[in-house]
Amino acid sequence: MSIRRSLHRVLNRTAISFGAVVLMAAMSAMGSIGASAQSKPVTIPVLVPLTGFLSLEGTSQRNGAELALRDAADAGVRYDVSDTATSPEV
């Protein structure tokens, strides 16, 4: 298997895992919002590498998070996208 194919496979698994985590967080937030009508909107931080050598993957992750949270917006769930600049320190 080539290095390029291996990297592509790892990035796909990462995107799928990221999407699952965002979906679980949104579902959890929607459940807590439904329990109390007076609660404040929940903001989910979305940390993705929009710049740097992983920017293409970060764009896919951001788009996946937006798709996952689109329906949750009606329940008061918001998201805040932040660029990690492909740096683990952020």
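Described below are features of the structure shown in this document. The residue numbers shown here count from 1 along each chain, following its written sequence. Local features are withheld for residues below a pLDDT of 70 in this predicted model, meaning they are given only at 70 or higher, and side-chain atom pairs are given and counted only at 80 or more; totals for whole chains, interfaces and linings count all residues. As a rule here, side-chain values come from all non-hydrogen atoms in the structure, and water together with hydrogens is ignored.

1. Thoughts on the overall build of the protein
- Put simply, DSSP H or I for four residues or longer makes a helix, DSSP E for two residues or longer makes a strand, and each gets a number counted from the N terminus. Across its full length, the protein holds two helices and two strands.
- Sequence-ordered secondary structure for the protein, helices as α and strands as β, is α-β-α-β.
- Burial analysis of the protein (90 residues in total) assigns 21% to the buried set.
- Contact between two residues is taken to exist if any of their heavy atoms lie within 4.5 Å; hydrogens are not considered. In the protein, once contacts between residues fewer than 6 apart in sequence are set aside, the share between residues at least 24 apart is 72%. Per-residue accessibility, obtained with a 1.4 Å probe over protein chains only, is compared with the maximum for each type, and a residue is labelled buried under 20%, exposed over 50%, and partly exposed between these values.

2. Considering the pairing of strand 2 (residues 77–83)
- The rule for pairing is simple: two strands pair if DSSP sees at least two bridges between them. Of the strand pairs in this sheet, strand 1 (residues 42–48) and strand 2 are connected by seven bridges, and their pairing is parallel. The residue bridging valine 42 from the neighbouring strand is valine 77, located in strand 2.
- Read as a crossover between parallel neighbours, the route from strand 1 over helix 2 (residues 55–70) to strand 2 is right-handed. Clockwise travel from the first strand over the helix to the second, with the strands pointing away from the viewer, marks a crossover as right-handed.

3. Structural notes on the pattern of salt bridges
- When a carboxyl oxygen of Asp or Glu is within 4 Å of a side-chain nitrogen of Lys or Arg, the pair counts as a salt bridge. Inspection of every chain in the model, using the stated rule, returns one salt bridge.
- The partner of arginine 62 in a salt bridge is glutamate 66, and the shortest N-O contact between them spans 4.0 Å. One end of the pair is arginine 62 and the other is glutamate 66, both in helix 2 and four residues apart, which spans about a single turn.
- The partly exposed category is assigned to arginine 62, whose relative accessible area is 25%.

4. Let's talk about unusual backbone geometry
- The phi angle at alanine 85 is positive, at roughly 55°, despite the residue not being glycine.
- Examined against the element boundaries, alanine 85 turns out to sit in the segment after strand 2.
- The phi torsion at threonine 86 lies on the positive side, around 55°, for a residue other than glycine.
- Positionally, threonine 86 belongs in the segment after strand 2.

5. What about the environment of alanine 65?
- With respect to the helices, strands and loops of the structure, alanine 65 is situated in helix 2.
- On the accessibility criterion, alanine 65 (2% relative accessible area) is buried.
- Sequence spacing of alanine 65 and valine 48 is 17 residues, and the spatial spacing of their C-alpha atoms is 9.9 Å.

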